Every structure is written in structure tokens, then in C-alpha cells.
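Close look at the chain arrangement
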Amino acid sequence: LNCPSFVKYFVNRYTTKKWTSGLTGDGKDVYKYLARDLGLETGSKPRPYAVFSDGSYSPGHTGVVLNVDSAKGTMLIGEAGCYSKGTTKQAYDIIGVRELPINEYHLYTYLDPIINLGGQ
């Protein structure tokens, strides 16, 4: 629930709409529920202030695209989550920003029509 909760917080804090539909589901489904509930456009190309979802595994992952650098072929994402790493199965909680290749994720809902970085 870390990554969907992060996206829900971002939408409710930094857009002109409130997402009140309860839990947002697995990370792989967040983009489509967000688009359905708020009437937003989806697509397959990253752009700033888009919510991404990764459906390559279950439960998937979701977060927010903060910037796209086409010249470098990278995007900057904000995310939260938890995962196990290595053979120790030790869990790690993450929240932060990282740079990834543009082609890392393929499912997006675009927040740019409703973004409000003033948080009002």
C-alpha cells in the first residue's frame, strides 16, 4: 500500500481535484483507477506530473513522474514502497526520488490538466 498511498497523497495535495475513492488498489492498477475516477487521459509516454503504473509483476508499482529529460533518455520519479532485497529477505522501506530510463514504465495517467504545485 505504500506506493498507491503516495500517489493518492500527491494527487490530493498537488492537484485541483480530490481523489476520495478509497484505497487505490495494486500499483499496477493505480493509473487506470485514477483516470476513471477523475476523468483523466492515459497514455504510454512519460511527461511531467504523470502517474505511472508498472504492470510487469504483481502487485506492480506506481509513482509520479517529476521530470523527463529526452536528451538523456531519463525521467525523474517520486515514489514510495517496500521490498525485499537479496537473499536475506530483509525488508526496505523507501520514499524518495530517483532517475530511471524513459522506457522503464509504459502506463501513465496525465495530471497536467489539474496540477497545482501551490498545493491550494
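Going by the structure above, here's the rest.
These notes cover the structure that comes with them. Just so we're clear, the structure is a prediction, and the values are computed from it rather than from any experiment.

**Remarks on the overall build of the chain**
- Scanning the chain from terminus to terminus reveals two helices and six strands.
- Order of helices (α) and strands (β) in the chain, N terminus to C terminus: α-α-β-β-β-β-β-β.
- The burial tally for the chain puts 38% of its 120 residues in the buried class.
- Contacts in the chain between residues at least 24 apart in sequence constitute 56% of all its contacts with a sequence separation of at least 6.
- Per element, the accessible surface of the chain, about 6700 Å² overall, is 52% carbon and sulfur.

**Things to note about the packing of aromatic side chains**
- In the structure shown here, the tally under the stated rule is three aromatic pairs.
- Seen from their ring centres, Tyr 9 and Tyr 14 are 6.5 Å apart, and the 85° between their planes marks the pair as edge-to-face.
- Residue class for Tyr 9 comes out partly exposed when judged on its relative accessible area of 48%.
- Judged by its relative accessible area of 24%, Tyr 14 is partly exposed.
- One aromatic cluster is present, formed by Tyr 9, Phe 10 and Tyr 14 through successive ring pairs.
- Directly above the aromatic system of Tyr 33 lies the positively charged group of Lys 32, at a separation of 6.0 Å from the ring centroid.
- We note Arg 47 situated over the ring of Tyr 110; from NZ or CZ to the ring centre the distance is 3.6 Å.

**Some points on unusual backbone geometry**
- The residue Tyr 49 is not glycine, and still its phi comes out positive at about 65°.
- Positionally, Tyr 49 belongs in the loop between β1 (42-43) and β2 (50-54).
- Overall, the relative accessible area of 24% leaves Tyr 49 in the partly exposed class.

**Structural notes on the side chain of His 61**
- Structurally, His 61 is set in strand β3 (residues 61-69).
- Within the structure, His 61 has its side chain in polar contact with the side chain of Glu 79 (distance 2.6 Å).
- If near-sequence neighbours (up to four positions away) are discounted, His 61 is found in contact with Cys 3, Gly 27, Lys 28, Phe 52, Ser 53, Asp 54, Glu 79, Ala 80 and Tyr 105.

Reading the values: the criteria
Residues numbered from 1 in each chain as written. Predicted model: local features only at pLDDT ≥ 70, side-chain atom pairs only at ≥ 80, totals over all residues. Heavy atoms only, no water. Helix = DSSP H or I, 4+ residues; strand = E, 2+ residues; numbered from the N terminus. Buried < 20%, exposed > 50% of the residue type's maximum accessible area, 1.4 Å probe, protein only. Contact = heavy atoms within 4.5 Å. Areas by Shrake-Rupley, 256 points an atom, 1.4 Å probe, with all protein chains shown as cover. Phe/Tyr/Trp six-rings, centres within 6.5 Å; stacked < 30°, edge-to-face > 60°. Lys NZ or Arg CZ within 6 Å of the ring centre and 35° of its normal. Polar contact = N/O pair within 3.5 Å; in protein donor to acceptor, adjacent residues only side chain to side chain.

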